[in-house]
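Here are the chains, one letter per residue:
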Amino acid sequence: MKKIIVSAPGKLMLLGEHAVVYNKPCLVTAVDQRLRLTIEVLNIQEFQLDAPDVDTVNYKKQIVGIGKGNIPKGAKFVEFAIKNFLDRTPLTPFIRGIKITTKSEFSSRFGFGSSSASVVCVIKAMSELFNLNLSPKEIFDLSYKTVLDVQGAGSGFDVAAAVYGGTNYFIKGGKTIEPLTINQLPLIVGYSGVKADTVTLMSEVKEKANKYPKIIEGIYSSIEELVEFAKVKLLANDLRSFGELMNINQGYLNALGVSNNKLADMIYASRIAGAYGAKLSGAGGGDCIIAIAPEEKRISVEKAIQQAGGEVIKVKTNAKGVKIE
Ligand code: PMV
């Protein structure tokens, strides 16, 4: 029975979250904690899924029912990815059904983008199974469509990180995906212990923008400017300036209302301990903060995050994009 294993990296938003949903650029890096997905061909017309990390075990469905009916949360992204792929390329007499198993090196609670990584893995594995050799952009487009089908909104930055890896300058929907040739970043990650609800936070920011359009648009434009500036600084390996721009970005995220005490405690503790800069990463409300610090300050920043009640997660940046194992 044919079996394919693929893996895709998790991601961390470096700068530009929320504004990126409104067509401003962001910077995103892929991290070396990966999601692995195995696909096996079945000789019955069934879709089967085992994704224990998201509490989905022994999930089974007739192929004709894919994407229909009540779909449990833990199965949604993978099932819609299969649906979108099969809408494009139907099953053959040789591939009558499929079984998918996912396993993540990182907790789905961290906000490292496990849903998007699983979607990208499905599309890559199906492309391989059907010998289609889809290009990275084709994998991106089908994966992004899937994320929008399930989630309703989003920029696709997490999909880009999973497909392309590395560190990218990114504009919504993949209008621009520019790989940045940079060194490994001295990034320190602190997990707040709280799972962020990305969709709710996006809609809260949208409400704020409806109420104060000029002010919030001004914030988005300022974030755009700082991202452009930060890109130049990053390419020049000027991490001190990059850190300062992270701090400015955090100020704007605070103004958008997506920071909270726990995140702020970890952020201020990191800065006091010697980080060049620190900010929340992603939607806010929970998940992780990131800090950039000179190597000699790493230990004190890590300790400061722990003292502020955070959990330090070791990651390396610029990880490889989706690949066959
Ligand atoms: O919560 P995360 O890590 O998926 O990040 C969300 C970032 C947003 O800009 C708020 C949404 C998006 O899709 O870009």
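None of the values given here were measured: they were computed from a predicted structure.

(A) Highlighting the pairing of strand β10 (residues 288–292). Where burial is concerned, most of β10 is hidden: 5 out of the 5 residues are buried. What you see with β10 is no split at all: C288, I290 and I292 on one side and I289 and A291 on the other are buried throughout. Bridge analysis of strand β8 (residues 187–191) against β10 gives 5 bridges, and the strand direction is antiparallel. Bridge pairing links L187 to I292 in β10. In this sheet, β10 lies alongside strand β9 (residues 277–281) in antiparallel orientation, the contact comprising 5 bridges. Across the sheet, the residue bridging to K279 is I290, located in β10. Linking β9 back to β10 in an antiparallel pair, the connection comprises 6 residues, with G282 at a positive phi of about 105°.

(B) Structural detail: the domain arrangement of the protein chain. Domain parsing of the protein chain yields domain 1 (3–182 + 319–324) and domain 2 (187–313). For domain 1 versus domain 2, the distance between C-alpha centres works out to 26 Å. Taken together, the contact between domain 1 and domain 2 spans 29 residues of the former and 37 residues of the latter. Across the interface of domain 1 and domain 2, roughly 2700 Å² is buried in total on both sides, 71% from carbon and sulfur atoms. For the interface between domain 1 and domain 2, the tally reads 3 salt bridges. The shortest N-O distance in the salt bridge between K279 and E17 comes to 2.9 Å. Linking domain 1 to domain 2 there are 9 residue pairs in polar contact (both at pLDDT 80 or more).

(C) Representation of the site of the ligand within the structure. K11, H18, S155, T198 and A283 are the nearest of the 13 residues found near the ligand. A distance of 2.6 Å is found between an oxygen atom of the ligand and a side-chain nitrogen or oxygen belonging to S155. Taking A283, its main chain carries an N or O atom lying 3.2 Å from an oxygen atom of the ligand. When the residues that make up the shell around the ligand are grouped by side-chain class, the tally is 5 nonpolar, 6 polar and 2 charged. Each of domain 1 (3–182 + 319–324) and domain 2 (187–313) contributes no fewer than three residues to the shell around the ligand.

(D) Structural view of helix α6 (residues 213–235). For α6, with 23 residues, the first-to-last C-alpha span of 33 Å sits near the 33 Å given by 1.5 Å per residue. Of all the positions in α6, only I216, I219, Y220, I223, L226, V227, A230, K231 and L234 are classed as buried. Tucked inside the fold, the buried residues of α6 contact β1 (3–15), β2 (26–42), β6 (167–171), β7 (176–179), α5 (198–211) and α7 (239–256).

(E) Just the pattern of salt bridges, in detail. Going through the model one piece at a time under the given rule, you end up with 15 salt bridges. The partner of E224 in a salt bridge is K24, with the nearest N and O atoms 3.5 Å apart. Taken together, the residues span a long stretch of sequence, with E224 in helix α6 and K24 in the loop between β1 and β2 at a distance of 200 residues. D149 is the salt-bridge partner of K145, the closest N and O atoms lying 2.9 Å from each other.

(F) View of the pairing of β2. Burial runs high along β2: 14 of the 17 residues are buried. With 4 bridges joining them, β2 and β6 adopt antiparallel strand pairing. Note that in β6 the partner of C26 across the bridge is F170. Note: β2 against strand β5 (residues 97–104), 8 bridges, orientation antiparallel. Looking across to β5, one finds that T38 is bridged to T101.

(G) Up close: the packing of aromatic side chains. Counted under the stated rule, the structure contains 8 aromatic pairs. On the numbers, 5.7 Å between centres and 25° between planes, the contact of F140 with Y144 is stacked. Of this pair, F140 and Y144 both sit in helix α3 (residues 136–151), 4 residues apart, which is roughly one turn of that helix. Pair check on accessibility: F140 and Y144 agree, each one buried. Grouping aromatic residues by their ring pairs yields a cluster made of F106, F110, F112 and Y191. Lying over the aromatic face of Y268, R271 brings its terminal NZ or CZ to 5.1 Å of the ring centre.

(H) The sheet that holds strand β11 (residues 311–313), seen in detail. With antiparallel pairing, 4 strands are arranged side by side in an open sheet as β9-β10-β8-β11. Bordering the open sheet on either side are β9 and β11, each of which pairs with just one other strand. Put simply, the sheet's adjacent strands are angled 30° from each other on average, direction ignored. Its contacts with the sheet put α7 on β9 and β10, and the angle it makes with β9 is roughly 45°. Strand contacts of helix α9 (residues 298–307): β8, β10 and β11, with the helix running at about 10° to β8, the strand carrying the most contacts.

Thresholds, definitions, all that
- Residues numbered from 1 in each chain as written.
- Predicted model: local features only at pLDDT ≥ 70, side-chain atom pairs only at ≥ 80, totals over all residues.
- Heavy atoms only, no water.
- Buried < 20%, exposed > 50% of the residue type's maximum accessible area, 1.4 Å probe, protein only.
- Helix = DSSP H or I, 4+ residues; strand = E, 2+ residues; numbered from the N terminus.
- Pairing = 2+ DSSP bridges.
- Domains from an automatic or database assignment.
- Contact = heavy atoms within 4.5 Å.
- Buried area = accessible area lost by both parts, 1.4 Å probe.
- Salt bridge = Lys/Arg side-chain N within 4 Å of Asp/Glu carboxyl O.
- Polar contact = N/O pair within 3.5 Å; in protein donor to acceptor, adjacent residues only side chain to side chain.
- Near = heavy atom within 4 Å.
- Nonpolar A, V, L, I, M, F, W, Y, C, P; charged D, E, K, R; others polar.
- Expected span 1.5 Å × (residues − 1).
- Phe/Tyr/Trp six-rings, centres within 6.5 Å; stacked < 30°, edge-to-face > 60°.
- Lys NZ or Arg CZ within 6 Å of the ring centre and 35° of its normal.
- Axes fitted to C-alpha atoms, helices over the stretch in contact; angles between N-to-C directions.

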